[in-house]
Amino acid sequence: MKYMKAKKNRTILVNKPMNDMVIGEKAFFDGDGIYLIHGKCYVDTNFSVSPKKNEIHTVPIERIGPEKGDFELDFFTIEIFYPKFITQQIYNMLHDDAVMLVEDVEMEVYDPSNYRTKMFPRMDWGELIENLIANNEVLDVKPDDKTSMEDKQALRECIKKKLSEFDLSELRTYEKEFTGPTQEEKAEGRVNFVADENILRYIIKRIVILEEEQAVTQGKKAELIKDKALTDMSMDELNTALAESKATEDFERSALIRDEMKTRPKVMN
C-alpha cells in the first residue's frame, strides 16, 4: 500500500505596490525605490512592499493615513543608499506624481571604519545573529583574532539590548539557543555557533527579574480579587478566587464563593 503525504497549507506572501497598503499596515519597502539627489530624499511609490523582509525589501514602512504622503519609513537600517546625479531620465522621474519628496531625513556619510557603532546597532535580530555566528566561526579557527573578539563584544551588547525588550516566553526560547552543546552533541562533533555564556547569563538574569515582576503582579491581582466584594466579581474572577481559597484551605470563603456562583444565571452554549 502506498501512503501519500498530506499537503500542508502554505502562506503565500504577495508583494504589492506601496500605494496599495491599508492604514495601519506595516511592511518592507524596496530599497531601489529610494533616491538621494542633491541632498534630498525621494521615494518612488511605483516600487513594491513585502510583508516580510528580504534581500530586496529592506526598509520598514507603515501607512498611517489615507492621503498620498501618509507613510512613515524607518531609515534606521543598515541599508546604504547611493546618491544619483541629475540626468534627463532622473529629471523626468522627479516630476512623476508617484514620486514623493521625504522630509526630515538626516543624511549620514557611510564610514566603514565605524561599523561597530554605526552598523551593529541598526541590525535587526536576524542580522545580529548571523554576524555573531560568523564571528564565532572565525574564533573557532583563530581564537586570538583581535578584530573578531572586539566585534563579538559589540554584537553581544546589541543582542542584549534587544533581549531586554523580549517577554518571558521569548527569553526561554533563546535560553536554549544560546546554551552550549550537550555532551552527546559534542561527541557527535556538532557545534552551536550561537552559544554564548555571556549572553546566556544575561538571559537567565532577565528571566529571574521578569518572573519576580510577574509574581508581584499576580499577587496584587489576587489581593485585589480577595478584597473585592463577591457580588461585584465576574464569573472569571469568582473562579480564580475559588481556586485560590481551595489552595489555601480557606473553606469558609470557598463556601461563600460557591453560594455566590449559584446565584448567577446559567450561560447556555
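Preceding this paragraph is the structure being described.
The rules behind these values
Residues numbered from 1 in each chain as written. Predicted model: local features only at pLDDT ≥ 70, side-chain atom pairs only at ≥ 80, totals over all residues. Heavy atoms only, no water. Helix = DSSP H or I, 4+ residues; strand = E, 2+ residues; numbered from the N terminus. Rg over C-alpha atoms; globule rule 2.2 N^0.38 Å. Buried < 20%, exposed > 50% of the residue type's maximum accessible area, 1.4 Å probe, protein only. Pairing = 2+ DSSP bridges. Axes fitted to C-alpha atoms, helices over the stretch in contact; angles between N-to-C directions. Expected span 1.5 Å × (residues − 1). Polar contact = N/O pair within 3.5 Å; in protein donor to acceptor, adjacent residues only side chain to side chain.

### Brief notes about the overall build of the protein
Check the secondary structure of the protein and you find nine helices and eight strands. On C-alpha atoms alone, the protein measures out to a radius of gyration of 28 Å, which is more than a quarter above the 18 Å that the 2.2 N^0.38 rule sets for 269 residues. In terms of overall dimensions, the protein has a C-alpha envelope of 85 × 60 × 55 Å along the principal axes. Out of the 269 residues in the protein, the part that is buried amounts to 30%.

### So, the sheet that holds strand S4 (residues 40-44)
What the three strands build is an open sheet, ordered S3-S4-S8; its pairing is antiparallel. Both outer strands of the open sheet, strand S3 (34-37) and strand S8 (99-102), are each paired with one neighbouring strand and no more. Put simply, the sheet's adjacent strands are angled 30° from each other on average, direction ignored. Across four bridges, the pairing between S3 and S4 is antiparallel. Its bridge partner lying in S4, isoleucine 37 is registered against lysine 40.

### Remarks on helix H3 (residues 125-141)
What sets the pattern is the α-helix's 3.6 residues per turn: residues three or four places apart point alike. Its 17 residues give H3 an end-to-end C-alpha distance of 25 Å, which sits within 8% of 24 Å, the value for a rise of 1.5 Å per residue. Listed in full, the buried residues belonging to H3 are Trp125, Glu127, Leu128, Ile129, Leu132, Asn135, Asn136 and Leu139. Sitting at the amino-terminal end of H3 is aspartate 124, which places a side-chain oxygen 3.2 Å from the backbone nitrogen of glycine 126.

### Examining the sheet that holds strand S6 (residues 57-63)
What the five strands build is an open sheet, ordered S1-S5-S2-S6-S7; its pairing is antiparallel. Two strands in the sheet have a free side with no partner beyond their single neighbour: strand S1 (16-17) and strand S7 (71-73). Note: S6 against S7, three bridges, orientation antiparallel. Pairing of glutamate 62 across the sheet is with glutamate 72, part of S7.

### A look at the pairing of strand S2 (residues 26-30)
Direction of pairing for S2 relative to S6: antiparallel, over a ladder of five bridges. Following the sheet pairing, phenylalanine 29 is matched in S6 by valine 59. Taken together, the two bridges between S2 and strand S5 (residues 48-50) define a ladder with antiparallel strand orientation. In the sheet register, phenylalanine 28 faces S5, and the bridge partner there is serine 50.

Geometric values such as these leave the question of function open.
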